[in-house]
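Analysis of the macromolecular model
Listed below, chain by chain, are the residues.
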Amino acid sequence: MSFVVHDPRGGRIATAPSLAARPKALAGLKLGVLDNTKEQADILLGRAAHLLAQDGAKPTFAQKPSFSRVAPPEVIEQLAMCDIVITGLGG
Amino acid sequence: MNQMLEFPSEDRAYEEFVERYSDGLPIVLPTPERVARMLAGSREDPDDVLGHVMPAGSALTIRDVAINAVMAGAEPRQLPLITAALEALLDERFNLNGLQSTTHCGTPLVIFSGPLALEAGLSAGNNVLGNGQRGNLSVGRAIRLVMTNVGGGVPGKTDMSVQGTPAKISFCVAERVDIGVWAPLVVRQGGTPAETSVTVMGADAPIHVADHRSATPQRLLRNVADAMRHLGTMSATRPTQMALLLAPQHARVAANAGWHAADVQQFLFEHARNPLWRLRDAGEYDPAKTPAVAAEFGDPEDPDTRVPVFASPERLILVVTGGDSGGFSTVVPAWPASVAVHRFIDHDGSYSRPRSQREEVPA
């Protein structure tokens, strides 16, 4: 005897997004750095980009107009041109 | 079409639901019979898609709303109110994605104005924001359960709030319509007295204002303005909207002096301000952002330029609510990356307006 109830999770998206393959080396790769403009995010990400550049990555920087909103399409397009992207939360 | 979940027993189903699909409190299991009874409260097609709830992006149907409403303990007659509130939350301007994932304690404040709310069992009297208000609590809770179960706003995973607030469980009020001081919010928003409006605002934690002595609106509202100016709120540096849940006693102080709702809004817009020097002293002055905000209200180079905590008089959402036993009002500052929006509901719980016409200017 089983007990049946409705699933409360709505129409779930069938496939969860998967992570991209991790690069084995950074030499020559275009590195996108997304600053969410929250306090200190630029300091943290700038340092990370500096360290990754020492391993051969070529950083390009992008900013969100607001840390509370999704990045606008032009920022996404800019980052889509990169081989790898890093971001992080300031605060 | 949503899935059915099968368990070996009712007890197992209950344990799993409380563990995985609850706000931490016991829930009512959404059996097919209960969900069917809940859906009888709506005139809309159960498969009608209201939108996609971020950050998960899952589709939300009327049936999904009903399932979560059952779990929250809501009644079928409240389903149209819950649905309208969710439709407003899904308005792009509201930025539910941001509110769901913020590190702030922000949560939607849901305000109903109009006859349907009280008829559907919501309350506007004593302890309106507290315990014992089944309608308010279960309607607000249903909205929160949709946000977590359908929207995927899970604490510690996508909901990154550092401390949260008790208001995240449920934050829903109805307006007192029997005071007779001013036109109800629904009419001030452009609706008719027969309609009911729901207004949703990305909200900070509420701030209580006790004042039993003020006999003039000026003195009373200066005290309210003092609460609004609180530097810990993000409204201090990013003026958008704000809500004032005014006690009947306080509303009468203003109305007895001949003040209308617009006069209260204007007075508070002028007085609920922080000079730039105060923001600077508190470390709230951001050289990259504050000057542009200040320039809208004065000289950004002048330390005495006063920055309001909401952007214009109209953006103070003013409702009268609560009991008659004293002078206690509540200020609700904004989570400022969101625009408050409202929707209208017909008296029979349906919508006579096409969806596009229910799109309203920001509250």
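Our subject is the structure listed above.
Residues numbered from 1 in each chain as written. Chains lettered and ligands numbered in written order. Predicted model: local features only at pLDDT ≥ 70, side-chain atom pairs only at ≥ 80, totals over all residues.

1. Examining the interface of chain B and chain A
Every contact between the two is made by 35 residues of chain B and, on the other side, 17 residues of chain A. When residues of the side of chain B that touches chain A are traced back to their parent elements, those giving at least two are β1 (4–7), α1 (10–20), α2 (32–39), β3 (58–61), α3 (62–72), α5 (96–101) and α7 (134–149) of chain B. Considered class by class, the residues forming the side of chain B that touches chain A number 18 nonpolar, 14 polar and three charged. Relative to β1(B), strand β1 (residues 3–6) of chain A runs antiparallel, the two sharing four bridges. (Contact = placed C-beta atoms within 7 Å. Helix = DSSP H or I, 4+ residues; strand = E, 2+ residues; numbered from the N terminus. Nonpolar A, V, L, I, M, F, W, Y, C, P; charged D, E, K, R; others polar. Pairing = 2+ DSSP bridges.)

2. Some words on the sheet that holds strand β4 (residues 84–88) of chain A
Residue and element names in this part refer to chain A. Strand order across the open sheet formed by three strands is β3-β2-β4, with parallel pairing between neighbours. Pairing within the sheet leaves two strands with one partner each, and these edge strands are β3 (58–63) and β4. Across the sheet, the mean angle separating the axes of adjacent strands is 25° when strand polarity is ignored. Pairing of strand β2 (residues 30–35) with β4, which is carried by five bridges, proceeds in the parallel orientation. Opposite L34, over in β4, you have T87 as the bridge partner. Packed onto the sheet, helix α1 (residues 41–54) meets β2, β3 and β4 and runs at close to 170° relative to β2. Packed onto the sheet, helix α2 (residues 73–80) meets β2, β3 and β4 and runs at close to 170° relative to β3. (Axes fitted to C-alpha atoms, helices over the stretch in contact; angles between N-to-C directions.)

3. Some remarks on the packing of helix α4 (residues 79–89) of chain B against α7(B)
All names here are of chain B. One way to put it is that α4 packs onto α7 with a least axis distance of 10 Å and a crossing angle of 45°. Regarding the angle of α4 to α7, the classification is oblique. The two elements α4 and α7 cross, and the hand of that crossing is right-handed. When α4 is examined against α7, the residues L81, I82, A85 and L86 are found in contact with a partner set consisting of V139, A142, I143 and V146. (Parallel < 35°, antiparallel > 145°, perpendicular 65-115°, else oblique. Left-handed = near helix turned anticlockwise from the far one by under 90°.)

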